[in-house]
Amino acid sequence: MSDLGPWAQLMERLQRAGLDFDGEDLADAVWLAQQIDAIDAKTDRVPEAIAPNRPDVWPELPLEGAPELTPEPEPSPPPAIAPIAPEPSASAVLPPTAPTAPHQPEPQSLPDRADGLPFKAPAAPALRQVRQLEKALRPLMRKVPSTTRFELDETATVEQVADRDWWLPVVRPALERWLDVALVVEESPAIALWDRVIDDWQGLLGRVGAFRDVRVWSLRGTETGSITLAPRTHNPSGQGRSANPRQLLDPSGRRLILLMSDCTSGLWRDESLALRSVLETWGAAGPLALVQLLPERLWRRTALVVAHGVQLSATLPGIASDRLEISGLPEWDEVETAGSLRLPVVTLAPEPLARWARLVAGAGDSLSAGVLFEAGIVWRPRVVDSTDAPDAETIARQFWAVASPLASQLAGYLAAVPVSLPVLHLIQAALLPESNQVHAAEVFLGGLMERRGTDGDGVPIYDFREGVRSWLVGSMPRSSTEKVLNAVSDQIAKRWGLSSRGFRALLLNPHGPLPEDATDELRAFARIAQSTLRRMGGEFAALGDRLEPETVGSVALEIGSIGPPPDNKRLESLETTQQESQKELINFPPLTEITFEEGYLAVEGEFEPPLIESLNLEWFVFEAAITTLDRTVSPPQLHIERFSQEAQQLVELLPHGVTLEMVLIPGGTFLMGAPEEEPDSSDNERPQHWVTVPEFLMGKYPITQAQWRAIAALPRVNIELNPNPSRFTEDAEGDLADNRPVEQISWYEASEACDRLAQATSRLYGLPSEAQWEYACRAGTTTAFYFGETLSPDLANYDGNFTYADGPKGIYRERTTSVGVFYANAWGLYDMHGNVWEWCADTWHSNYENAPTDGSAWITMSTKDKRLLRSGSWYYYPKFCRSAARSYDVPSDQNLTFGLRLCCSIASTSQAPLLDKSTEE
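Residues numbered from 1 in each chain as written. Predicted model: local features only at pLDDT ≥ 70, side-chain atom pairs only at ≥ 80, totals over all residues. Heavy atoms only, no water.

K.L.:
An account of the pairing of strand S19 (residues 668-672) is requested, with residue identities and associated values reported.
P.N.:
Burial analysis of S19 places 4 of its 5 residues in the buried class, the great majority of the element. In the sheet, S19 pairs with strand S20 (residues 689-693) via 5 bridges, with the strands oriented antiparallel. Directly across from Phe670, in S20, lies its bridge partner Val691. (Buried < 20%, exposed > 50% of the residue type's maximum accessible area, 1.4 Å probe, protein only. Helix = DSSP H or I, 4+ residues; strand = E, 2+ residues; numbered from the N terminus. Pairing = 2+ DSSP bridges.)

Listed below in C-alpha cells is the structure:
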C-alpha cells in the first residue's frame, strides 16, 4: 500500500497525465461531479446545465449563535484554510553528491523527494498571542444587509396578511459579514522563512468569524516586468493558474486586501514600479494594508526606508486606502502627496493590529501607522560587487554589529550543519527555543548567505558565503558546535531508524537493509560534519580527518560532553566497549572519548590598558536624531529629524556565542553639570566644571539579559552571580527577552561582572565614572538631552504620562524595552536616556565642589557609601532622564530599575584634544 492518501494519489495521477490541477481545481471538479450525479438520479437523463439551486453542500457557519438556514444562491468554495498536518516534514537541501545509479523505490519505500535530509519539523505555532490577535480584529466583526441573499420577514408578512389580506411572503435582505479578505503573499526568496507564520495567520483570519471569505494568493513578478497572481497552495509542482491583479477588485469596496511581505525582494527596487502600480490600483478600490513580517527595528533594511512614516486616519468605514487622511509628515521636508502611495503598515502584534482594525472600521479617533511613497521614488539599496566583496571576517563582524544576540547565536549554530529550513527549525526548537522567525530572517538577510540556485521544486538554495562558515565555526565555543552536531545527527539517526548515542558523524549498518538514498544523505551530512570538526581544532580536527564521506562505513564515534574527567568505572566501561568494537569492525578507528574544559585567560596583578592601535576596531553605521520644538503652534509640536552616522566599535565574543559591542568614545573636554536655567535641574548638578576625558570604550547598549547570562558563566572572581535576575523575562510576544536590559542588579554584582570580563579578556573593564558617563551621553551636545531640549516617548522609555519642557505626552510602557529600538546619540550609544538606571563607579557627593577634572571616578574610602546612578528608567519621569541628572542608592540594592553599562579603558599614542576654555567662555 502507498503511504499517500486517495486525494494525493489522484493529484499525482492527474499531474502525470499532464493536467495542471491544484487543490482548488480538484475540489471544484469533485463538487461538479456530485451535482451532475444528483441531477441524473432525478431526471434519468444527462442535463444540459447545472441547476441554479444546488444542495447546501457548504453550509455557512452561524455567527454569534444565530442559525442561518437559508442556502446561498451561488456555490461557495471550500474554506481556503490550509490543513494542519500532524507531523509536517520537509527536505534539507545539501550540497550535491556524486551521481549514483537511478533508484526506483518499491511500493513500500518512501516517495520520491529532493536530495536532502528529511526532518519532522516542530509543529509549535509560529504565531504568538493568538487570543489577543483575535480580540484586536473585533472592530471588523460587523454585519451588513446582503444584496444577494434574502430571508422571510415574519412580522411584516403577518401584518400584510392582517391589514391587506395579501397572502404573499415579505422578504428582507439577510445580514451577512461585512468584508471578505484577499491575503496576498509576495513570493520572495526569503518567504519560506515565514511559511508557518503565514499559515497560522491564514487560519486565524478564517476562524475569527469576521469575514465572509478568506482567499490566499501568491504574488510574483514575470520576466516581462509585470505582476501576476495565482492561488497559493502547498503543492510543490506549481501554484495554479495565473490571474491579473485587477481580479481582486471588488466594485462594492467590501474586499480587504492584505499584502504579506518583508519588503526586501527585487520587486520593491524595480525601476518600472510595477508593484507600486498594482498597490495603487488596489488602494484606490478599497481598504489595503501591508502586513510587514519584520519588526520595526529591521525596517531600515527594507524598501520602507525610502518612505515617510506617517499616521493614517479615517472617518468612514471601509474607505479606500488612497483617501485616508495623513498626519505626521515632517514640516521641514517638502513632501509631494499628489500621486503618492498611502499604505497602512501593520505587524502581527495585538496593539498595532487593533489600531489598524479601528481605522478600517472608521473610528475617527484611531490613528494607525503607515508609510507614504512619493511618486517616482525607488528603493536603491547598495549591492556589493563581487569584485569588491569584503572578506569573511568583515562580513561576520558587520553582521554581529547590527544583529540581535539570538540571531548571532543562531548563525553560529547554523554554520556547523547544512543550511536548510528544517535544520534551522530543529536548531531553534532544540537549542534556541526562545528564538523565532525574526531571528531566522536576520541570519538569512544579514549578508552572511548567498543564493546557490534552486532545487527540483524551484525552492531557492542558500549557503554561507565563501569563508563565512569557517569563520563562524571558529568563533563559536566548541561545546556549542558539538551540541548542534549532536542534535542534527540524532535526528538523522532517528529518521533512518538507527541507534542514537551521543555525537555521531555517521551511522550506517552495511549488513542490514537500508535505502540507497540514505547513503547519499549521510554522505552529504558527513561532508559538512567533517569540515566542521576540522575547524574546531584539537582532537576534534583529528576526528574529522578520520571521516571519509565518500566511503561511508560503520561509524560509532562518541565525544564526551564537557565536564569533569570520567571516573574509573566509566573508563573501564569505555575500554570494554572499545575492545568489543574492534573485534566486530574492520579497518575502523577505535571508540574515543575526548574530555576538555573551556578556559579563560587569567592574569595576575594589574592590567595595563591596551593600545588603541592594537584593537581590532570596525566601523558601523547607525541612525541618530535631533529634535526641534515648535512653540508657535498650540500645543507645541516636536519635530524629529534623523540622520546617519558612522563610528568604530570593538566586538567582544562572550560565552554561548553572545557578543558585546564596545563603542570608541573620542577624547575631549566638556562642561559637566547643568546650568541653573535648565528646567528641573538640581543644585547637586552644580557647580558646572570643565572635565577632560581621555578616549575610552563604552557599551553600545546597557547589558542585556543574554549578555548577563554569558558573563555569569565566566569564572567567579569575588561573588556568585544569578544568571537570571530580571523581572521582565518575556517580551510582548511571549518570547524570552534576551534583548531587554538586565535589571535587579546591585552595584556589587555589576562590579563582579566587570571583574569577570576583565579577567577573561585581560582588558580594563569596569563601571564608567560619572564624568565618562555624562561625557558619552552628551556626545558633544549641551542641551538637556542629546536629542535636544525636550524628550518624547517615541525617543526613550520612561513614564510618558509626564512631560518635560512642553514636550508631548505618550505611552507609559510599564516595563523595559529591547535595547536599540530608539535612535542613538551622535556617537552611536543607545538608551542613554531612560530604560534602566545605570550604575557608575563613583560614590555619591551632594555637589561637584572639588570634583576631579580628569574624567576619573570620585571615590571615597568606605565601600558602604551610596553609589551613583545615571540615565533614568522606564518607571521615572522624563526630568530624571536628562544628561546631567544624578541619583544614588546603597550598593546592595537590587531594584527592578537598576542595570549597568560597561566601560573599558584604552591607551593611545595621541593626546585627547583640549578645549580652549577662554574662547568657549
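K.L.:
Which residues make up the environment of Ser892, and what are the values?
P.N.:
Residue position: Ser892 is located in the loop between strand S25 (887-889) and strand S26 (898-899). Here the alpha-carbon distance between Ser892 and Ile745, two residues 147 residues apart in the chain, equals 8.7 Å. Discounting residues that sit within four places of it in the chain, Ser892 has contacts with Ser746 and Tyr748. (Contact = heavy atoms within 4.5 Å.)

K.L.:
If you had to explain the sheet that holds strand S18 (residues 659-665) to someone new, which residues and values would you point to?
P.N.:
Strand order in the open sheet formed by 6 strands is S16-S17-S18-S21-S27-S22, with antiparallel pairing between adjacent strands. Of all strands in the sheet, those bounded by a partner on one side alone are strand S16 (618-630) and strand S22 (764-766). Recorded for the sheet is a direction-independent mean angle of 35° between the axes of neighbouring strands. In this structure, S22 lies alongside strand S27 (residues 903-905), joined through 3 bridges in antiparallel fashion. (Axes fitted to C-alpha atoms, helices over the stretch in contact; angles between N-to-C directions.)

K.L.:
How would you explain the pattern of salt bridges if you had to name every residue and give the values?
P.N.:
Taken as a whole, this structure holds 27 salt bridges when the rule is applied. With its nearest N and O atoms 3.4 Å apart, the salt bridge here joins Glu789 to Arg631. Pair noted here: Glu789 is in the loop between helix H19 (770-778) and strand S23 (837-843) and Arg631 is in the loop between S16 and strand S17 (637-653), with a separation of 158 residues, a long-range link. A relative accessible area of 37% places Glu789 in the partly exposed class. Using a relative accessible area of 41% as the deciding quantity, one classes Arg631 as partly exposed. Taking the shortest distance from any N to any O, the salt bridge between Arg756 and Glu752 comes out at 2.8 Å. (Salt bridge = Lys/Arg side-chain N within 4 Å of Asp/Glu carboxyl O.)

K.L.:
So what's going on with the packing of aromatic side chains? Residues and values would help.
P.N.:
Any pair of aromatic rings gets described here by the distance separating the centres and the angle formed by the planes. Tallying each qualifying case throughout the model produces 18 aromatic pairs. Plain terms: the ring middles of Tyr701 and Tyr830 are 5.3 Å apart, the flat faces sit at 35° to each other, and that makes the pair tilted. Residue Tyr701 is found in the loop between strand S21 (696-699) and helix H17 (705-712), and its partner Tyr830 is found in the loop between H19 and S23; the two are separated by 129 residues along the sequence. Comparing Tyr701 with Tyr830, the two get one shared label, buried. Judged by centre distance (5.5 Å) and plane angle (80°), the rings of Tyr875 and Tyr876 are edge-to-face. Residue classification places Tyr876 among the partly exposed residues on the basis of a relative accessible area of 29%. Taken together, the ring pairs connect Phe728, Phe802, Trp837, Trp874, Tyr875, Tyr876, Tyr877 and Phe880 into an aromatic cluster. It is Lys700 that lies over the ring of Phe620; its NZ or CZ is 4.0 Å from the centre. (Phe/Tyr/Trp six-rings, centres within 6.5 Å; stacked < 30°, edge-to-face > 60°. Lys NZ or Arg CZ within 6 Å of the ring centre and 35° of its normal.)

K.L.:
Summarise the nonpolar core; cite the residues concerned and give the values.
P.N.:
One finds Trp194, Trp201, Phe211, Leu258, Trp282, Trp356 and Leu414 to be the most contacted residues of the largest nonpolar core, which totals 111 residues. Counting residues in hydrophobic clusters, the runner-up holds 44 residues, among them Ala624, Tyr701, Tyr786 and Leu791. (Core = buried A, V, L, I, M, F, W, Y, C linked by side-chain atoms within 4.5 Å.)

K.L.:
Which residues make up the sheet that holds strand S9 (residues 288-292), and what values do they have?
P.N.:
An order of S7-S6-S5-S8-S9-S12-S13-S10-S11 is seen for the 9 strands of this open sheet, with the pairing classed as mixed. Of all the strands in the sheet, the pair left with one neighbour each is strand S7 (227-231) and strand S11 (325-327). Pairs of neighbouring strands in the sheet enclose a mean axial angle of 40°, with direction left out of account. As judged from the 6 bridges shared by strand S5 (residues 179-186) and strand S8 (residues 255-261), these two strands associate in the parallel manner. Residue pairing in the sheet places Ala182 in a bridge with Ile257 of S8. Helix H7 (residues 350-361) rests against S5, S8, S9, strand S10 (308-313), strand S12 (341-346) and strand S13 (368-373) of the sheet, and its axis sits at about 135° to S12.

K.L.:
Describe in detail helix H18 (residues 747-761), supporting the description with residues and values.
P.N.:
With 15 residues, H18 extends 21 Å between its outermost C-alpha atoms, agreeing within 8% with the 21 Å of an ideal straight helix rising 1.5 Å per residue. Where burial is concerned, most of H18 is hidden: 11 out of the 15 residues are buried. Taken residue by residue, H18 has Trp747, Glu749, Ala750, Ser751, Glu752, Ala753, Cys754, Arg756, Leu757, Ala758 and Ala760 as its buried positions. (Expected span 1.5 Å × (residues − 1).)

K.L.:
Before we move on, could you go through unusual backbone geometry and cite the residues and values that matter?
P.N.:
With the exception of glycine, most residues fall at negative phi, and the peptide bonds are largely trans. The linkage connecting Ser634 with the following residue, Pro635, adopts the cis geometry, with an omega of -5°. Going from Arg686 to Pro687, the amide bond is cis rather than trans, its omega being 5°. Within the secondary structure, Pro687 sits in the loop between S19 and S20. Even without being glycine, Ala805 reaches a positive phi, approximately 50°. Counting through the fold element by element, Ala805 comes out in the loop between H19 and S23. Residue class for Ala805 comes out partly exposed when judged on its relative accessible area of 23%. At Asn850, a residue that is not glycine, the phi angle is positive and equals roughly 65°.

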